[in-house]
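# Remarks on the overall topology
Residues per chain are reported as follows:
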Amino acid sequence: MQQNFMDTREDPLSLDRIRNVLIRLEDTIIFGIIERAQFALNPRIYQRGAFKELTDTGFDGSWLEWFLKEIETFHAKARRYTSPDEYPFSKDLPPPLLPSLSFPKILYQHPNCVDLNVNPSILSFYTRTVVPRITHRATLELSARNRAKGIIGDAEYEDDGNYGSAATIDVELLQAISKRVHYGKFVSESKFQSNPAAFVPHILRKDRNALGDLITKPAVERAVLNRLGKKASHYGADIGMDGEVKKSPKAVPRRRLSTSRSSQVDTQARDLLKADSPPTGAGTLVDDDADEHPEWKIDVEEVKHLYEKWIIPLTKEVEVEYLIHRLDGLTEEQINALRQQGDAQPTEGSLQPPTVTTS
Ligand SMILES: C=C(O[C@@H]1C=C(C(=O)O)C=C[C@H]1O)C(=O)O
């Protein structure tokens with residue numbers, strides 16, 4: 001489901017509706033990972049100054065940053081970044097050619113909330129940590145091919161030359177991750193409006209930990225990770241020319257394989273084939289002792305790890321940062337009125353409500 005902010009028939013701040021957008025973005029992100037996993041890391045495209053052809057034009061960023069700048073320049077002219085859920089990675093983008101659409105003001109319209117943009121963190125983590133992990137398999141295959149040709153050392157891991165394809169997919173994946181993470185603002189506005197009194201005391205105290213506890217929903221996070229595992233197993237299954245799931249001999253549990261890796265294969269096999277075995281019995285259910293397992297284009301555990309260790313935590317950081325500034329610019333009267341809306345949970349040590357200071 002794509003959030004259409006111009007469609008005012010439904011409540012744009014319905015938490016269910018917002019969560020459905022996050023669920024839909026899981027597909028975009030998983031398929032982006034599948035696409036990027038086709039190519040080796042190609043480390044040059046993330047190194048600033050690695051292409052003389054680029055530095056000669058006066059551009060001092062990396063190949064990927066150049067792709068971002070060029071693509072986002074066009075998208076800015078097409079008014080992409082006037083939408084409340086789109087955040088550019090590049091700076092100094094041109095104004096839109098068309099007048100902005102009059103989107104309903106859903107988020108709190110203070111610059112500290114509206115302009116909150118964590119894309120520098122997203123880009124840095126993506127290039128340093130995410131891309132090496134999702135391209136691991138293709139990079140190892142490349143290095144093996146290079147060694148067979150007598151290329152050894154760092155040169156083994158240099159690249160497969162797919163600079164354009166890899167960067168194009170990187171941009172699409174970064175845009176999807178950015179949208180997903182910044183959707184934390186809509187989540188926070190929805191939660192705040194549903195019970196302002198619960199949030200106001202912690203905001204006034206700038207208590208990020210208390211706000212983090214308030215917005216965290218462990219059951220929802222567990223459901224996200226569980227769904228991701230199933231989606232990645234299904235979407236990542238390698239289907240052969242015959243339309244059947246490709247299978248390969250089950251990895252014999254070797255000492256050097258971490259148990260999580262071997263158990264992951266079993267889990268993936270069970271998840272995929274259990275869910276996929278048609279009632280006609282045409283598919284055979286592979287049990288734990290089978291001697292083969294389906295092949296996957298991506299590592300399912302990597303997808304879950306990416307969300308659990310990075311995308312979800314960063315989304316929650318955005319939620320908290322948005323809330324920290326949610327009272328910015330309001331008068332004492334407005335804040336006290338919000339304090340009366342909803343059912344504040346008494347905060348520890350809150351014998352006296354904090355004096356309200358509006359900056
Ligand atoms: C996005 C939400 O807020 C938090 C972040 C979540 C996530 O990033 O998937 C899930 C649940 C919450 O801990 C939500 O409540 O839906």
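Below is a summary of the structure that appears in this document. Please read all numbers here as calculations on a predicted model, not as lab measurements. (Residues numbered from 1 in each chain as written. Predicted model: local features only at pLDDT ≥ 70, side-chain atom pairs only at ≥ 80, totals over all residues. Heavy atoms only, no water.)

### Some words on the packing of aromatic side chains
Here the structure, examined in full by the defined rule, presents 10 aromatic pairs. Their ring planes at 20 degrees and their centres at 4.6 Å tell us that Phe31 and Tyr235 sit as a pair that is stacked. Of the two residues, Phe31 sits in helix H1 (residues 15–36) while Tyr235 sits in helix H11 (residues 218–235), which places them 204 residues apart along the sequence. With relative accessibility at 40%, the residue Phe31 sits in the partly exposed group. Note on Trp66 and Phe67: the rings are 5.8 Å apart at their centroids and 80 degrees apart in plane angle, and the pair reads as edge-to-face. The exposure class of Trp66 is partly exposed, given its relative accessible area of 28%. Grouped by ring-pair contacts, the aromatic residues Phe51, Trp63, Trp66, Phe67 and Tyr163 constitute a single cluster. One residue, Arg44, lies across the ring of Phe51, its end atom 4.1 Å from the ring centre. (Phe/Tyr/Trp six-rings, centres within 6.5 Å; stacked < 30°, edge-to-face > 60°. Helix = DSSP H or I, 4+ residues; strand = E, 2+ residues; numbered from the N terminus. Buried < 20%, exposed > 50% of the residue type's maximum accessible area, 1.4 Å probe, protein only. Lys NZ or Arg CZ within 6 Å of the ring centre and 35° of its normal.)

### Things to note about the site of the ligand
For the ligand, the set of nearby residues contains 15 residues, the closest of which are Arg19, Arg180, Lys191, Glu221 and Glu319. Contact between the ligand and Arg19: an oxygen atom at 2.6 Å from a side-chain N or O atom of the residue. One of the side-chain N or O atoms of Lys191 is found 2.8 Å from an oxygen atom in the ligand. Here the ligand loses 99% of its free accessible area of 360 Å² to cover by the protein chains. Listed by contribution, the elements that provide at least two residues to the shell around the ligand are H1, helix H8 (184–194), H11 and helix H13 (300–324). The element best represented in the shell around the ligand is H13, accounting for 4 residues. Among the residues forming the shell around the ligand, the class breakdown is 6 nonpolar, 2 polar and 7 charged. (Near = heavy atom within 4 Å. Polar contact = N/O pair within 3.5 Å; in protein donor to acceptor, adjacent residues only side chain to side chain. Areas by Shrake-Rupley, 256 points an atom, 1.4 Å probe, with all protein chains shown as cover. Nonpolar A, V, L, I, M, F, W, Y, C, P; charged D, E, K, R; others polar.)

### Concerning the packing of H8 against H13
Orientation of H8 relative to H13, taken along the N-to-C sense of each, is 50 degrees, at an axis distance of 8 Å. Here H8 is positioned oblique relative to H13, judged by the angle of their axes. Helix-helix and strand crossings are classified by hand; for H8 and H13 the assignment is right-handed. Mapping the contact onto sequence places Gly184, Lys185, Val187, Ser188, Glu189, Lys191 and Phe192 in H8 and Thr315, Val318, Glu319, Val320, Tyr322 and Leu323 in H13. (Axes fitted to C-alpha atoms, helices over the stretch in contact; angles between N-to-C directions. Parallel < 35°, antiparallel > 145°, perpendicular 65-115°, else oblique. Left-handed = near helix turned anticlockwise from the far one by under 90°. Contact = heavy atoms within 4.5 Å.)

### Observations concerning the environment of Ile18
Mapped onto the elements of the fold, Ile18 is located in helix H1. It is 8.8 Å that separates the C-alpha atoms of Ile18 and Ser190, two residues lying 172 residues apart in sequence.

### Points about the pattern of salt bridges
For side chains of opposite charge, pairing can occur when their charged atoms come near one another. Overall, the coordinates contain 17 salt bridges when judged by the stated rule. A salt bridge links Lys179 to Glu86, with the shortest nitrogen-to-oxygen separation between them at 3.1 Å. Of this pair, Lys179 sits in helix H7 (residues 163–182) while Glu86 is found in the loop between helix H3 (63–77) and helix H4 (111–114), placing the two residues 93 residues apart along the sequence. An identical accessibility class is assigned to Lys179 and Glu86; each is buried. As a salt-bridge pair, Glu302 and Arg133 come within 2.8 Å of each other at their nearest N and O atoms. Linking Glu302 in helix H13 with Arg133 in helix H5 (residues 119–134), this pair joins segments that are 169 residues apart in sequence. (Salt bridge = Lys/Arg side-chain N within 4 Å of Asp/Glu carboxyl O.)

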